Every structure is written in C-alpha cells, then in structure tokens.
Amino acid sequence: MPRISAATIGEHRAQTRDRILQAVSRLSRTQGIDAISMTDVAGEAGITRTVLYNYFPDKAALLLAFTERVTGYFIESYERELPDGASPADRLRAFVRLQLAGLLAHPHPGAADLSAALGPDAYQRLAEHVAPMQRVLVEILESGMAAGDFRTVDVDATARMILAVIGAERVPLISGDVTVEGAGELVSEFVLRALGNG
C-alpha cells in the first residue's frame, strides 16, 4: 500500500493533483505546452507514470485541467486588480495586460498548432474551458458600448479579433523581443482606437 502524504486520502489526492499541475506549469515555461510529454510531467512531479495516468488518462485531459486552473487564476487576478468603478477602457487595458502575462507565464502554440496536436475534439473542449475569459472581454465591450465609449457592430466577433491581436504578441513575448508592459500598451492603444476610443 503506498504511503499518503496528508491526513486523509482526499487531501493526498488533492495535493498530488496540485503537484502534477504545478509540474505542467513549470514545464510549460521551459518546453512549451505542446512539447510536454506525460513522462516529463511525471518526472517533474516526482511520481510514476502509472500514478499520473490514475489522475489524467491522457495529455488532452491533463491540458484541460491545466487550462481550467489557468483560467481560474486569470479571472481571480482580473477581479482583484481592477479598482472599483474602473472605466471600460481601463478594464480593457487590464484584460490585455493579464492575457499577455499569461501568454508569457504559460507559453503554448497558436490555436492551429494546438488543434493539430490535440485533435479537434480535445481542442473544442479546451476552447470551452477558456470561454470564461472571452465572456469577460464581451462584458467589457458591452459596458463600453453602453457608456458610449466603444463602437462595434458585432461584440462576439470583435472579442475574437481582440484575442487574435493579443495572440499575435505571443512569439515576440516568448522570444523576449517585447515586454508585457510594452506589448500591453501597444495592443491596448491599437484596440482602443479600433473601438473608437482614443
């Protein structure tokens, strides 16, 4: 019988799951998410592959859990960093900055490459896990339109385009050609002008 490292089996499972996801986080910074193998994760977490497969049956399930965790951190950070009564433009700037910081903290391939690596079904499930971030952006756009600060024809399409502009800074950020602050300022000003603000 393996030893457990907590007071209860439930706590032990939660701690092991957390160690696994922390290992994915560390490896994503050095290898990129697409290059991580289950063997890499098990080694980094200090567990066997058999134990890892007891928690996550495949890489897609592991990446879905990791994405869910990162999305949760993003939403918490966004809500924590915004001052009460922030304008839609300030909310948009905070959203852009946090998205860029996330790209740098957890490097991953672009959508097409990730879709090819995971397959269409897993990629669709992954997209559903990041939907809360898009909803935050849609809410920012809608509040800006209601306040008369932003102009847009199709809010959902505009949100997708803004995310694409943010994603365009992925390679320059990871390669060190730009900083989060520099890219954040550039993207925010570009987007705000496109929305008729500034």
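Residues numbered from 1 in each chain as written. Predicted model: local features only at pLDDT ≥ 70, side-chain atom pairs only at ≥ 80, totals over all residues. Heavy atoms only, no water.

Structural notes on the packing of helix α5 (residues 88–105) against helix α10 (residues 180–194)
Part 1: In contact at an axis separation of 9 Å, α5 and α10 are set at 135° when each is read in the N-to-C sense. Taken together, the axes of α5 and α10 lie oblique to each other. Note on packing geometry: the crossing formed by α5 with α10 is right-handed. On α10, the residues that touch A89, L92, R93, V96, R97, L100, A101 and L104 of α5 are V180, A183, G184, V187, S188, E189, V191 and L192. (Axes fitted to C-alpha atoms, helices over the stretch in contact; angles between N-to-C directions. Helix = DSSP H or I, 4+ residues; strand = E, 2+ residues; numbered from the N terminus. Parallel < 35°, antiparallel > 145°, perpendicular 65-115°, else oblique. Left-handed = near helix turned anticlockwise from the far one by under 90°. Contact = heavy atoms within 4.5 Å.)

Quick look at the packing of aromatic side chains
Note on aromatic pairs: each is described by the distance of the centres and the angle between the planes.
Part 1: For the structure on display, the rule yields zero aromatic pairs.
Part 2: Looking at R13, its charged tip hangs above the ring of Y55, at a distance of 4.3 Å from the centre. (Phe/Tyr/Trp six-rings, centres within 6.5 Å; stacked < 30°, edge-to-face > 60°. Lys NZ or Arg CZ within 6 Å of the ring centre and 35° of its normal.)

Notes on the nonpolar core
Part 1: If you look at the biggest cluster of nonpolar residues, it comprises 31 residues, and the most contacted ones within it are Y78, L92, F95, L100, L141 and I166.
Part 2: Among the secondary structure elements, those contributing two or more residues to this core are α4 (59–81), α5, α7 (120–146), α8 (155–167) and α10.
Part 3: Counting 19 residues, the second-largest nonpolar core is a separate cluster that includes L21, Y55, L63 and A65. (Core = buried A, V, L, I, M, F, W, Y, C linked by side-chain atoms within 4.5 Å. Buried < 20%, exposed > 50% of the residue type's maximum accessible area, 1.4 Å probe, protein only.)

Quick word on the side chain of R91
Part 1: For R91, the location among the structural elements is in helix α5.
Part 2: R91 has contacts with Y78, L82, A86, E139, I140 and S143, leaving out every residue within four places of it along the chain.

A few points about α8
Given 3.6 residues to a turn, an α-helix orients residues that are three or four positions apart in the same direction.
Part 1: Spanning 13 residues, α8 covers 18 Å between terminal C-alpha atoms, matching the ideal 18 Å at 1.5 Å per step.
Part 2: What α8 keeps buried is the set V155, A157, T158, A159, I162 and I166.
Part 3: Between the side-chain oxygen at the start of α8 and the backbone nitrogen of D156 there is a gap of 3.1 Å, and the oxygen is on D154. (Expected span 1.5 Å × (residues − 1). Polar contact = N/O pair within 3.5 Å; in protein donor to acceptor, adjacent residues only side chain to side chain.)

Considering the side chain of T16
Part 1: Note on placement: T16 falls in helix α1 (residues 9–30).
Part 2: On the basis of relative accessible area, T16 is assigned to the buried category, the value being 3%.
Part 3: If sequence neighbours within four positions are ignored, T16 has contacts with I47, V51 and Y55.

Some points on the UniProt feature "DNA-binding region" (unreviewed entry) in the chain
Part 1: Under the present numbering, the feature "DNA-binding region" (unreviewed entry) in UniProt falls on residues 37–56.
Part 2: For residues 37–56, helix accounts for 75% and strand for 0%, while the C-alpha atoms at its two ends are 12 Å apart. (UniProt positions renumbered as here; feature names shortened; annotations may be inferred.)

Quick word on the UniProt feature "domain: HTH tetR-type" (unreviewed entry) in the chain
Part 1: UniProt records the feature "domain: HTH tetR-type" (unreviewed entry) at residues 14–74, using the numbering of this structure.
Part 2: The span residues 14–74 carries 79% helix and 0% strand; its end-to-end C-alpha distance comes to 21 Å.

Some remarks on the packing of α1 against helix α2 (residues 38–45)
Part 1: Packing of α1 against α2 brings their axes to within 8 Å, and their N-to-C directions diverge by 115°. Between α1 and α2, the angle falls in the class roughly perpendicular. For the element pair α1 and α2, the recorded crossing hand is right-handed. Within the contact between the two elements, α1 uses R19, I20, A23, V24, R26 and L27 and α2 uses D40, V41, E44 and A45.
Part 2: Looking at the contact of α1 with α2 residue by residue, the class counts come to six nonpolar, no polar and four charged. (Nonpolar A, V, L, I, M, F, W, Y, C, P; charged D, E, K, R; others polar.)

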